[in-house]
Amino acid sequence: MRKGPALLAIAVLALSQHAKQQTAELPDLRAKTLRGAQLAARNAGFRQFAGEDALDRHRIPLAGSNWTVCSQQPPPARYTVTTPVTVSVVKRHERCPRSGRGG
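Now for a description of the structure that goes with this document.

Cut-offs applied
Residues numbered from 1 in each chain as written. Predicted model: local features only at pLDDT ≥ 70, side-chain atom pairs only at ≥ 80, totals over all residues. Heavy atoms only, no water. Helix = DSSP H or I, 4+ residues; strand = E, 2+ residues; numbered from the N terminus. Buried < 20%, exposed > 50% of the residue type's maximum accessible area, 1.4 Å probe, protein only. Contact = heavy atoms within 4.5 Å. Salt bridge = Lys/Arg side-chain N within 4 Å of Asp/Glu carboxyl O.

### Considerations on the overall build of the protein
- Across its full length, the protein holds two helices and five strands.
- Put simply, the protein has 103 residues, and 27% of those count as buried.
- Counting contacts in the protein only where the partners sit at least 6 residues apart, residues at least 24 apart contribute 67% of the total.

### What to know about the pattern of salt bridges
- Enumeration over the complete set of coordinates arrives at five salt bridges.
- Residue Arg-30 is joined to Asp-28 by a salt bridge in which the shortest nitrogen-to-oxygen separation is 2.7 Å.
- Judged by relative accessible area, which is 35%, Asp-28 ranks as partly exposed.
- Look at the salt bridges and you will find they share partners, linking Asp-53, Arg-57, Arg-59 and Glu-94 into a network.

### Details of unusual backbone geometry
- The peptide bond linking Gln-73 to Pro-74 adopts the cis configuration, its omega dihedral lying at 0°.
- You can see Pro-74 is positioned in the loop between strand 3 (67-73) and strand 4 (77-80).
- A positive phi is found at Ala-31, a non-glycine position, where the angle reads about 75°.
- Position of Ala-31 relative to the elements: it lies in the loop between strand 1 (23-26) and helix 2 (34-44).

Read these as spatial facts, not as claims about activity.
As structure tokens, this is what we get:
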């Protein structure tokens, strides 16, 4: 019986369990550009990152330097690095909404 593949599978499982247990401090991303927020979250150790239109206009934020972060989920605190981070953004010339998704 070959033990190599079985040992490799156990090692991969152990590493993925370890990643789920790793934590990092998620910084306050508000008022950053979308690109700046993405870099800050990534530098902190978070890999799942998404941006959404805070004004519900169904726009897809692509050019990261043209969007400003209004709010984030989850809020700044310590989380496992597998926690998804979502920011609500507006175009640079727009104001963040006062309540609701972007508030």
